[in-house]
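# Per-entry structural report
Residues per chain, in single letters:
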Amino acid sequence: LESATVCHSQFADFLRSHGGVAALCELCCAVALQLSADDLQAWLADPEDQLQGPSCQTELHTAGEGLVRALGQQPAEQALVEHVAQRLAQEAAQPPAVHDAFAMVARRDTLLQLLSLCQPVLKKHLQFPQLSCLLEPVANLVQQSNGQATASVLLPVRLCTVLKAWAADLPANALLPVLLLLVGFLHESSHRAVRLAAVSPLRALWERFSDNEAWSEATGPLINGCLALLSSLRLPEVQWRCLNLVHLFLSEEAQSGRYEATDRTLQQLLSLWRRPEGGELLICHALLDVFRALVLMSCLSKQPSLPLSPPLLQCCLAVVSDCFANHKLPSSNGSSAGSASHVEAALEADVTAAVGHLGERGSASATMFDSGSLLLLAILRTVDASQAGPILGLFPRLLGLYGELPPTALHESALDILLELCILCVTVAPGAAELRPHLDASMRLCSRCLQSESKGRNCELSFQMLQVLVAQADGKTGLGHLQDLLTELFTRWLTTSNLQTNGHSEYPLHSMLQLFCTWHARHGTNFCQHVASLAPSASHAAKTLLSCYRLVRPVTLRASLLSSTLSLAESDAADLTFWQELLRCCDDLACSVQKKAASTLLAQTLQSLKASLGTKLPIPARSAGTLQRCLLPREVVEGELRSAVREDGSLDEKAVVRWFFSRCAVCLRQLGTRGVLDPQALIAVAPESALVALRASGL
């Protein structure tokens, strides 16, 4: 302690005898931090190696930074703050000009370095608005230089370092002016060094203010600036930083914005993807993130949705084709996306080759295949039916390839892709002309997945595909081979129904009930005949189905399930207990629509919480809407409920409930006419909501 005290006293004497902290700081700036003209010119020629400015990595510069940080500690802290404040006032009194002499630029540069290095100390005494006197004069330099390599370019670059250092302590109301300043820095007319430097503070500001409304005004121009910058970058690590920032902005913009990349920008991204030295997997995956985020803008759940532009579609299909071909380089003729027919041919050929080698799961090509599959899935969920021509040819080819593989060998997105293709076929040709030739092959693939020991997500997707196949089967010619599979599944479900109502099921109950309800909705007579023959009686099957009502939540599925039980009950006299339970379920259904507002708010909250999970896939709105409509009779969807179909294909649930109660009222009246029951006596003891709904339906 005595030695430390002596050293402290000697150091204090040294400072006093040499002009104090201010003189020592000035000496450090002149010797270690101030640049030489040669260093500046070398950096201006190629700034990509030193994004934060020249000479930042030399030993002398690092030692100088260490000394400045040491001066920021007691007992020199106050003196250092006063010195920096004095220099700041001097610079504010004499704004910089684009043609200032090099010596003046170099001295101003040292002040900016001090503001960055001393930020932990300065923030206790200076507020960010006090630094704003530097923002406008330095921003003017960027415009005045007009991209020329003058010495003054250095100052905006150093200012970016200052903004990054102060990002955590920036007041929220100062964010928008800073963002607009950085938009100017990123503009194509700015010098390349300034554009590169602007990326770093943007990331720091995003981490601090990602939920600030100021981004909504600046995100589009920032995305444009970063994408334009990409074409001039050569180092993979710098490319990745820029792409990662674009990905963050696009993912946020996809929540509420309508950003649309230009054809020129897409061609630049495609060129970066296909660079000969582009074997950098990190860059390839970052580009795939950007492409998926661009496609996410066209998610069908957004109202109004942004159509997937033809240039973006062709660009993404070309990238997917490369992924499926183990990221082959472009042909020697330098062609890019090509026509739709060329893309289709390449895509189909590359799918064949890639799927045939899916056993190499640990390879980089397999990883690229998986990423390409996710991009293809995003396209399938957003592409308009009128644009689907080049893609539909994939359906029979993929179906054949996947049919030759064991279910455990299917890649993660295989059945998702098949389901979306299947539904696209139905959308393009409502009469199922595109789908019907492949019904048997699709059914066999689903059956094999259901028989697999692994009952994962592929099992659920298989039920959804079967649901579409059943809905599209021709009612005149019958269900064909689907009949045997439906009979087997219903028998298995019926014999294990006690386990399922207790939460134990071999298959996902929700998906299985959707399939049975579709069977009833689209082939009602066939359903009732076969179910009655499989169960001890039709009423027994009705009771078993009714017992599952409270195990599912979607309103349309609940209405369809109750409609199925009605069909079975009216063909076989059910006892009073059944009808009382049915009315309790009807009451719950009527109440559930009234509570829908609260559940919608919850869904929106959950959706916002997912916004930080990286690039999401577009919501499968088209397939979800199709599967929902399959739960109701075709003539009802295309007739009575035609106006209840929303733009994304889903149904207005209030209209569905009104349809069900109308059907229930008709059924009860018919049973009353036949003398099976007294509908008025039955509903007289019905719960209030069910009673009101039935009365409103004319009972």
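Residues numbered from 1 in each chain as written. Predicted model: local features only at pLDDT ≥ 70, side-chain atom pairs only at ≥ 80, totals over all residues. Heavy atoms only, no water.

### Here we look at the overall build of the protein chain
Worth spelling out the cut-off: Each helix corresponds to a stretch of at least 4 residues labelled H or I by DSSP, and each strand to a stretch of at least 2 residues labelled E; elements are numbered beginning at the N terminus. The rule is simple: take the accessible area with a 1.4 Å probe, protein chains only, and divide by the maximum for that residue type; under 20% is buried, over 50% is exposed, in between is partly exposed. In what follows, a contact means two residues having at least one pair of non-hydrogen atoms within 4.5 Å.
Counting its regular elements, the protein chain contains 37 helices and zero strands. A burial count over the protein chain gives 54% of its 699 residues as buried. Partitioning the contacts of the protein chain with sequence separation of at least 6, the portion at a separation of at least 24 is 77%.

### Points about helix α16 (residues 281-296)
Put simply, the test is: Multiplying 1.5 Å by the residue count of a helix minus one yields the expected span of that helix.
When the terminal C-alpha atoms of α16 are compared, their 22 Å separation across 16 residues agrees well with the 22 Å that a helix rising 1.5 Å per residue should span. Within α16, the full set of buried residues consists of Ile283, Cys284, Ala286, Leu287, Leu288, Val290, Phe291, Arg292, Ala293, Leu294, Val295 and Leu296.

### Quick look at the nonpolar core
Keep this limit in mind: Nonpolar cores are built from buried Ala, Val, Leu, Ile, Met, Phe, Trp, Tyr and Cys residues. Side-chain atoms within 4.5 Å join them into one set.
Membership of the largest hydrophobic core comes to 241 residues, with the highest contact counts inside it found for Ile379 and Trp579. Filtering out sequence-adjacent residues up to four positions away, Trp579 remains in contact with Leu566, Ala569, Ala574, Leu668, Leu671, Leu677 and Leu682.

### Examining the side chain of Asp416
In this structure, Asp416 sits in helix α22 (residues 414-428). Overall, Asp416 belongs to the buried group, its relative accessible area being 7%. Those residues within four positions of Asp416 in sequence are excluded, and the remaining contacts are Leu377, Arg381, Arg457 and Leu461.

### So, the state of the cysteines
To be explicit about the condition: Pairs of cysteine sulfur atoms within 2.5 Å are identified as disulfides in what follows.
Within the structure shown, the criterion is met by zero disulfides. The closest cysteine sulfur to the non-disulfide-bonded Cys226 is located on Cys242, 4.5 Å from its own sulfur. Cys315 forms no disulfide, and the closest cysteine sulfur to it belongs to Cys316, at a distance of 5.7 Å. Residue Cys315 is classed as buried on the basis of its relative accessible area of 1%.

### What to know about the packing of aromatic side chains
Just so we agree on the cut-off: A pair of aromatic rings is counted whenever rings of Phe, Tyr or Trp (Trp by its six-membered ring) have centres within 6.5 Å, and the orientation is called stacked for planes under 30 degrees apart, edge-to-face for over 60 and tilted otherwise.
Under the definition given, this model contains 14 aromatic pairs. With a centroid separation of 5.5 Å and an interplanar angle of 40°, the aromatic rings of Trp215 and Phe249 are classed as tilted. Taken together, the residues span a long stretch of sequence, with Trp215 in helix α13 (residues 215-230) and Phe249 in helix α14 (residues 236-256) at a distance of 34 residues. Comparing Trp215 with Phe249, the two get one shared label, buried. Summarising the aromatic geometry, the rings of Phe463 and Tyr507 are spaced 5.4 Å apart at their centres and angled 75° between planes, so their arrangement reads as edge-to-face. Here the residue Phe463 occupies a position in helix α24 (residues 457-472), and Tyr507 occupies one in the loop between α26 (497-501) and α27 (509-522), the gap between them amounting to 44 residues. Neither residue differs from the other here; Phe463 and Tyr507 are each classed as buried.

### Examining the packing of α13 against α14
To keep it simple, the criterion reads: Axis angles are defined between N-to-C directions and span 0 to 180 degrees, where every axis is a line fitted to C-alpha atoms and, for a helix, only to the segment in contact. With respect to orientation, any angle under 35 degrees is reported as roughly parallel, any angle over 145 as roughly antiparallel, any angle of 65 to 115 as roughly perpendicular, and every other angle as oblique. For any helix crossing, the convention is left-handed if the near helix is rotated counterclockwise from the far helix by under a right angle, and right-handed if that rotation is clockwise. Under the grouping applied here, Gly and all other residues not named as nonpolar or charged are polar, the nonpolar ones being Ala, Val, Leu, Ile, Met, Phe, Trp, Tyr, Cys and Pro and the charged ones Asp, Glu, Lys and Arg.
In contact at an axis separation of 9 Å, α13 and α14 are set at 150° when each is read in the N-to-C sense. Classified by the angle their axes make, α13 and α14 are roughly antiparallel. In the packing of α13 onto α14, the handedness of the crossing is left-handed. From α13, Trp215, Thr219, Leu222, Ile223, Cys226, Leu227, Leu229 and Leu230 reach across to α14, where they touch Gln239, Cys242, Leu243, Leu245, Val246, Phe249, Leu250 and Glu253. Taken together, the residues of the contact of α13 with α14 sort by class into 13 nonpolar, two polar and one charged.

### Regarding the pattern of salt bridges
Going by this rule: By definition, a salt bridge exists where a carboxyl oxygen of Asp or Glu is found within 4 Å of a side-chain nitrogen of Lys or Arg.
Scanning all chains against the criterion turns up 21 salt bridges. Ionic pairing is found between Arg87 and Glu26, a salt bridge with its closest N-O pair at 3.4 Å. Highlighted residues: Arg87 in helix α5 (residues 77-93) and Glu26 in helix α2 (residues 20-33), separated in sequence by 61 residues. Since its relative accessible area comes to 2%, Arg87 is described here as buried. The partly exposed category is assigned to Glu26, whose relative accessible area is 22%. In this structure, Arg108 engages Glu91 in a salt bridge whose closest nitrogen and oxygen atoms are separated by 2.7 Å.

### Digging into a nonpolar patch on the surface
Spelled out, the test is: Exposure above 30% relative accessible area and no salt bridge define the residues that can form patches, which grow by joining like charges within 9 Å and nonpolar side chains of Val, Leu, Ile, Met, Phe, Trp and Tyr within 5 Å. The method behind every accessible area is Shrake-Rupley, applied with a 1.4 Å probe, and residues are considered shielded solely by the protein chains displayed.
Taken together, Leu27, Val31 and Leu60 make up a surface patch of nonpolar side chains, about 280 Å² in accessible area. Looking at where Val31 falls in the secondary structure, it is placed in helix α2.

### Section: the confidence of the model for the protein chain
Condition: Scored from 0 to 100, pLDDT reflects the predictor's confidence in each residue.
On average, residues of the protein chain score 83 in pLDDT, and 88% of them are at 70 or above. Summarising per-element confidence for the protein chain, the mean pLDDT is lowest in helix α18 (residues 340-355) (45) and highest in α27 (94). Below pLDDT 50 for its whole length, residues 327-346 participates in 33 contacts with residues either more than four positions away or in separate chains. For residues 348-364, every residue scores under 50 in pLDDT, and the model assigns this stretch 30 contacts once sequence neighbours within four places are set aside.

### Considering the packing of helix α10 (residues 154-166) against helix α11 (residues 175-186)
In contact at an axis separation of 12 Å, α10 and α11 are set at 145° when each is read in the N-to-C sense. Along this stretch, α10 crosses α11, giving a crossing that reads as left-handed. Residues Pro156, Leu159, Cys160 and Leu163 of α10 form the contact with α11, whose own contacting residues are Val178, Leu181, Leu182 and Phe185. Of the residues contributing to the contact of α10 with α11, the split by class is eight nonpolar, no polar and no charged.

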